[in-house]
Amino acid sequence: MRVGIGYDVHPLVKGRPLVLGGVRIDHSTGLDGHSDADVLTHAVIDALLGAAGLGDIGRLFPADDARYKDASSLDLLSGAMDAMRGAGYRVVNVDCTVIAQEPRLQPHVAAMTAKIAERLGTDRVNIKGKSPEGLGALGQKAGIAAQVVAVIEEMQRRTPPPGAARRPPRQAGR
Ligand code: MG
C-alpha cells in the first residue's frame, strides 16, 4: 500500500466555464487555467502520481504543451491512470475535499463522484464540499481549492517469503 496527497487551486474568473470533477456546473464565474482548470481532478491526479512515486501533473502534462490547451482533465486523469497501472498499481480509495465559497457543491457531488470513479476503475471515491466560511481569498470567491488523499496498492501479489515456496506439499495419510 502507498499513500499520496494532492492539492490544487485555480482562480475564478468571468467568461470561463466551471468544471469540477468533470461536471460542468452552471455558475457566474469559472476556473482559469491552461486546461479546463478542473481543480478537483488535478488534485486527484497529483495524489495518484504522488502515491506511485511518478512526480506530479506538471511533469506528465506540461502546461506549455499545446496539446493540453483546454484539455479535459478527466482525459488527463485517464493518462495518469495509464502511467500508474504501467508502474504496477491500482487504486484502493480516494478521498477528496473541495473548498469553495460558491457554488454549493452538494447537488453535484454524486455526478462528480461517478465521473472520477469511472476513470479510476473503482467506486471507492469520496468527495466532500467545504465552505471557507468567508475567510481569506477562497472565502472572497477569488478561487476554488481541492485536497485529495489517495491509497494505491500493487497489482501483483507479493512473492512468497523465502522458504514458503519450497515447503513440500502435504501428503495424504500424514
Ligand atoms: Mg491545476
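Please refer to the structure higher up on the page.
One structure accompanies this document, and this report is about it. (Residues numbered from 1 in each chain as written. Predicted model: local features only at pLDDT ≥ 70, side-chain atom pairs only at ≥ 80, totals over all residues.)

With respect to the overall build of the chain
- The secondary structure content of the chain amounts to five helices and seven strands.
- Its helices and strands taken in sequence order, the chain reads β-β-β-β-α-α-α-β-α-β-α-β from the N to the C terminus.
- Residue burial in the chain is summarised as follows: out of 174 residues, 37% are buried. (Helix = DSSP H or I, 4+ residues; strand = E, 2+ residues; numbered from the N terminus. Buried ≥ 20, exposed ≤ 12 C-beta atoms within 10 Å, placed from the backbone.)

Observations regarding the nonpolar core
- Counting residues in hydrophobic clusters, the biggest one holds 44 residues, and the most contacted among them are Leu40, Val44, Leu48, Val94, Cys96 and Val98.
- Broken down by element, the residue count for this core peaks at ten residues, all from helix α1 (residues 39–52).
- Sequence-distant contacts of Val98, that is, excluding residues within four places in its chain, are made with Leu20, Leu40, Leu105, Ile127, Gly129, Lys130, Ile144 and Ala146. (Core = buried A, V, L, I, M, F, W, Y, C linked by C-beta atoms within 7 Å. Contact = placed C-beta atoms within 7 Å.)

Quick notes on the packing of α1 against helix α3 (residues 73–86)
- The N-to-C vectors of α1 and α3 enclose an angle of 10°; their axes lie 9 Å apart at closest approach. When the axis of α1 is compared with that of α3, the two are roughly parallel. Across from Thr41, His42, Val44, Ile45, Leu48, Leu49 and Ala52 in α1, the residues of α3 making contact are Ser73, Leu74, Leu76, Leu77, Ala80 and Met84.
- Here the residues of the contact of α1 with α3 sort into ten nonpolar, three polar and no charged. (Axes fitted to C-alpha atoms, helices over the stretch in contact; angles between N-to-C directions. Parallel < 35°, antiparallel > 145°, perpendicular 65-115°, else oblique. Nonpolar A, V, L, I, M, F, W, Y, C, P; charged D, E, K, R; others polar.)

Topic: the packing of α3 against helix α4 (residues 109–120)
- Where α3 contacts α4, the two axes come as close as 9 Å, and the packing angle between them is 30°. It follows from the interaxial angle that α3 and α4 lie roughly parallel. Here α3 and α4 pass one another in a crossing that is right-handed. Across the interface between the two elements, Leu74, Leu77, Ser78 and Met81 of α3 pack against Lys115, Arg119 and Leu120 of α4. (Left-handed = near helix turned anticlockwise from the far one by under 90°.)

Details of the sheet that holds strand β6 (residues 125–130)
- Read from one edge to the other, the open sheet built from five strands follows the order β4-β1-β7-β5-β6, with strand pairing classed as mixed. Unpaired on one side and paired on the other, β4 (30–31) and β6 mark the two borders of the sheet.
- Where strand β1 (residues 2–13) lies against β4, two bridges are found, and the strand directions are antiparallel. Bridge assignment links Leu12 to a residue of β4, and that residue is Leu31.
- Along the sheet, α4 makes contact with β5 (89–99) and β6, crossing β6 at roughly 145°. (Pairing = 2+ DSSP bridges.)

Brief notes about α4
- An ideal rise of 1.5 Å per residue puts 16 Å on twelve residues; α4 measures up with 16 Å between its terminal C-alpha atoms.
- Met112, Lys115, Ile116, Arg119 and Leu120 are the residues of α4 that are buried. Angular distribution of buried residues about the axis of α4 spans 130°; they occupy a single face of the element.
- Residues of α4 that are buried make contact with β2 (18–20), β3 (23–25), α1, α3, β5 and β6. (Expected span 1.5 Å × (residues − 1). Arc of directions from axis to C-beta.)

A word on α3
- The first and last C-alpha atoms of α3 sit 20 Å apart over 14 residues, in line with the 20 Å expected at 1.5 Å per residue.
- Those residues of α3 not exposed but buried are Ser73, Leu74, Leu76, Leu77, Ala80 and Met84. Summarising the axial view, the buried residues of α3 lie within an arc of 150°, below the 170-degree limit, and thus occupy one face. Residues of α3 that are exposed and angled more than 90 degrees away from the buried face: Asp82 and Gly86.
- Buried positions along α3 lie against α1, α2 (57–60), β5, α4 and β7 (143–154).
- Downstream of α3 by a residue or two, Gly88 has a phi angle that is positive, lying close to 95°.

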